Amino acid sequence: MNGRNRHIQYRKSVYRKRKIRTVILTLVAVLVILAVAFLVIGLLLGKQSETRNEGRGDKETTADTIPAQTIPSAIQGYPVLLETADSSTFFSRVEALSASGGSYASIPLNTADGRLLYRSDLAISLGLQGAQDRSVSVATACESVSSLPVTLGGIYYLTAFAEENDLLRSVRLSEEAAVIAETLRDGMDEVLLVLPVWKDGQTAELIRLMENVRALTPKAILGVTLPPSAVSAENGAATVDLLSSHADFMALDATAYGAIDPVTYITETISGGGMRYYLLRYGMRVLIPSGTAAVSQDALIAAVRESGSKSFQILS
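These remarks concern the structure in this document.

## Here's the deal with the sheet that holds strand β5 (residues 222-226)
Here is step 1 of the chain: Strand order in the closed barrel formed by 8 strands is β1-β2-β3-β4-β5-β6-β7-β8, and the pairing between neighbours is parallel. Each neighbouring strand pair of the sheet contributes to a mean axis angle of 30°, computed without reference to strand direction.
Here is step 2 of the chain: Bridge count for β5 against strand β6 (residues 249-253) is 4 bridges, and the pairing is parallel. Across the sheet, L226 pairs through a bridge with L252, a residue of β6.

Written out as structure tokens, the structure is:
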């Protein structure tokens, strides 16, 4: 009996040793697999980091060293009116643009003094527009060209910023935010905001307006147009950087040429005060006027391109 017990105990001991050895070998195998996995993941992350930082080096960022990924594809926006006095329709005008190779319609939504260039039921209900002022709505116009491969970009003057009284300005900004949101809901792909009057200290109000529009239309794509004076101001760099973090895109306003030759004005505006750096750094568009009998549209566009910018939007 004792011999049999010893034999049984011996077999149990051998079984335990084998079991322990199996467990140890399994743990070693698992550790090796984990080590290899971590090594592979580390190599992949390192390669991605190198790719992101490639070309940056330790040089100071200038117009010639702007990372290419910060510059969006070029926008070439040609003017198209929502409503005209002739026999053409919005569809025929956008169709003609597409047929000529254009893919972006630059659409003025209001005038510099705030008059809407389309029919808005919201504006009528707010008393901002007469019921007989316009007949074409944004919804109808956008629906008519939904089959065409053209981006519809509205241009909207924020005239509320000309109001000196901050309480009245707040009310008017709320109204404008609602009107802008209406155009986006009705089919406008994006809206470029223009401030006829730029004053220091109103940056926060402009950001708040964009937030209000996005609260009403979460997928809103909004751009901000800055006059040269705002960019070249003492705190211009901080202003541009702040707005770029809230706007989907930005533009430089080169339309206020006054008595100066518009081609000369565009060239000097872009080349002066380090403006070209901002255009490249933030991928800014250049907002330019329509051509005239004295100066062709092609000449104005050429002035933008020769100054180093590839994106422009024409204000009709």
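## Regarding helix α2 (residues 90-99)
Here is step 1 of the chain: Among all positions of α2, only F90, R93, V94 and L97 are buried. Seen from one end, α2 has its buried residues packed into an arc of 95°, which puts them on one side.
Here is step 2 of the chain: Here the buried face of α2 lies against β1 (76-79), β2 (104-108), α4 (138-144) and β3 (151-157).
Here is step 3 of the chain: Positioned one or two residues after α2, G101 has a phi angle of 100°, which is positive.

## Focus on the nonpolar core
Here is step 1 of the chain: Counting 67 residues, the largest nonpolar core has I180 and L206 as the members making the most contacts within it.
Here is step 2 of the chain: Considering every element that reaches this core, the biggest residue donor is helix α5 (residues 166-185), with 6 residues.
Here is step 3 of the chain: If we skip the residues at most four places from it in the chain, I180 touches Y156, L158, V191, L193, L209, V213 and L222.
Here is step 4 of the chain: Listed in part, the 8 residues of the second largest apolar core include Y157, L192, A251 and L315.

## Topic: the packing of α5 against helix α6 (residues 203-216)
Here is step 1 of the chain: Relative to each other, α5 and α6 sit at 40°, their axes nearing to 9 Å. One element, α5, and the other, α6, form an angle in the oblique class. Between α5 and α6 the crossing geometry is right-handed. Along its contact with α5, which presents R169, L173, A177, A178, I180, A181, L184 and R185, the element α6 presents E205, L209, N212, V213 and L216.
Here is step 2 of the chain: Tallied by class, the residues present in the contact of α5 with α6 amount to 9 nonpolar, 1 polar and 3 charged.

## Overview of the side chain of Q297
Here is step 1 of the chain: On the secondary structure map, Q297 appears in helix α11 (residues 297-306).
Here is step 2 of the chain: Within the structure, the side chain of Q297 is placed 3.2 Å from the backbone oxygen of P289, a separation counted as a polar contact.
Here is step 3 of the chain: Among the polar contacts listed, one links the side chain of Q297 to the backbone nitrogen of G291, at a separation of 2.9 Å.

## Examining α6
Here is step 1 of the chain: Taking 1.5 Å of rise per residue, 14 residues should cover 20 Å, and α6 covers 20 Å from first to last C-alpha, within 8% of that figure.
Here is step 2 of the chain: Every buried residue of α6 is listed here: T203, E205, L206, I207, L209, M210 and V213.
Here is step 3 of the chain: On its buried face, α6 sits against α5, β4 (190-194), β5 and α8 (236-244).

Criteria and cut-off values
Residues numbered from 1 in each chain as written. Predicted model: local features only at pLDDT ≥ 70, side-chain atom pairs only at ≥ 80, totals over all residues. Heavy atoms only, no water. Pairing = 2+ DSSP bridges. Helix = DSSP H or I, 4+ residues; strand = E, 2+ residues; numbered from the N terminus. Axes fitted to C-alpha atoms, helices over the stretch in contact; angles between N-to-C directions. Buried < 20%, exposed > 50% of the residue type's maximum accessible area, 1.4 Å probe, protein only. Arc of directions from axis to C-beta. Contact = heavy atoms within 4.5 Å. Core = buried A, V, L, I, M, F, W, Y, C linked by side-chain atoms within 4.5 Å. Parallel < 35°, antiparallel > 145°, perpendicular 65-115°, else oblique. Left-handed = near helix turned anticlockwise from the far one by under 90°. Nonpolar A, V, L, I, M, F, W, Y, C, P; charged D, E, K, R; others polar. Polar contact = N/O pair within 3.5 Å; in protein donor to acceptor, adjacent residues only side chain to side chain. Expected span 1.5 Å × (residues − 1).

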